[in-house]
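A structural walkthrough
Spelled out, the chains give:
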Amino acid sequence: QGYVINPFGAGEHVPVVERKIDTLKGRIRSCLMGLDYQLMFSLLRYLVEYATIMVNLEPCSKREDPTSPWELFHGRKIDYKRHLKLAFGDYAEVKELRHKSNSM
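Criteria and thresholds
Residues numbered from 1 in each chain as written. Predicted model: local features only at pLDDT ≥ 70, side-chain atom pairs only at ≥ 80, totals over all residues. Heavy atoms only, no water. Salt bridge = Lys/Arg side-chain N within 4 Å of Asp/Glu carboxyl O. Helix = DSSP H or I, 4+ residues; strand = E, 2+ residues; numbered from the N terminus. Buried < 20%, exposed > 50% of the residue type's maximum accessible area, 1.4 Å probe, protein only. Core = buried A, V, L, I, M, F, W, Y, C linked by side-chain atoms within 4.5 Å. Contact = heavy atoms within 4.5 Å. pLDDT = per-residue confidence, 0-100. Phe/Tyr/Trp six-rings, centres within 6.5 Å; stacked < 30°, edge-to-face > 60°. Lys NZ or Arg CZ within 6 Å of the ring centre and 35° of its normal. Expected span 1.5 Å × (residues − 1). Arc of directions from axis to C-beta.

A full pass over the atoms with the stated rule returns three salt bridges. A salt bridge links Arg27 to Glu58; its shortest N-O distance comes to 2.7 Å. Of the two residues, Arg27 sits in helix H1 (residues 15-34) while Glu58 sits in the loop between helix H2 (44-57) and helix H3 (69-74), which places them 31 residues apart along the sequence. On the accessibility criterion, Arg27 (27% relative accessible area) is partly exposed.

Written out as structure tokens, the structure is:
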């Protein structure tokens with residue numbers, strides 16, 4: 001079995017890949033428009049990562065079973081309460097629990 005390699009030359013269009021890139025760009029644009037503030041350029045890579053993960057959490061329509069690409073890659077079911085608790089750019093109060101280093 002293995003992978004099927006379909007090489008394309010420079011300047012040739014690959015419709016499947018272009019459609020996936022457009023989907024990702026649309027998700028990124030909608031996240032940017034939904035933010036209450038201007039996103040710093042240094043945080044843009046995290047938005048791209050978030051949008052990619054969100055696309056991969058959706059089940060693939062070409063498969064018979066409703067398994068998402070994320071589930072196939074990680075080998076476990078999605079925990080919706082954990083993975084979809086916050087959206088990108090949500091305000092959150094985060095607390096880091098530190099252990100006491102002294103014994104007094």
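Formed by Ile28, Leu35, Leu39, Leu47, Tyr50, Ala51, Met54, Leu57, Trp70, Ile78 and Phe88, the largest nonpolar core amounts to eleven residues. The greatest single-element share of this core, amounting to five residues, is contributed by H2. Not counting the four nearest positions on each side in its chain, Ala51 is found in contact with Leu24, Arg27 and Ile28.

Once that is clear, we can look at the confidence of the model for the protein. Across the protein, the average pLDDT comes to 87, with 96% of residues at 70 or higher. For the protein, the element scoring lowest by mean pLDDT is helix H4 (residues 80-83), at 86; H2 scores highest, at 93.

Applying the stated criterion across every chain, the model contains two aromatic pairs. A ring pair is formed by Tyr37 and Tyr91, whose centres lie 6.1 Å apart and whose planes are at 55 degrees; its orientation type is tilted. Note that Tyr37 is positioned in the loop between H1 and H2 and Tyr91 in the segment after H4, a separation of 54 residues in sequence. Look at Tyr50 and Phe88: their rings are 5.8 Å apart centre to centre, the planes differ by 40 degrees, and that puts the pair in the tilted class. Pair noted here: Tyr50 is in helix H2 and Phe88 is in the segment after H4, with a separation of 38 residues, a long-range link. When the ring centre of Tyr46 is taken as reference, the NZ or CZ atom of Arg45 above it lies at 4.9 Å.

Along the polypeptide, Glu71 turns up in helix H3. When neighbours within four sequence positions are excluded, Glu71 is seen to be in contact with Pro66, Arg76, Lys77 and Ile78.

With that settled, the discussion passes to H2. A rise of 1.5 Å per residue sets the reference length of H2, with its 14 residues, at 20 Å; its end C-alpha atoms lie 20 Å apart and thus fit the reference within 8%. When H2 is considered as a whole, its buried residues turn out to be Leu47, Tyr50, Ala51, Met54 and Leu57. Along the long axis of H2, the arc covered by the buried residues comes to 120 degrees, so they all point the same way.

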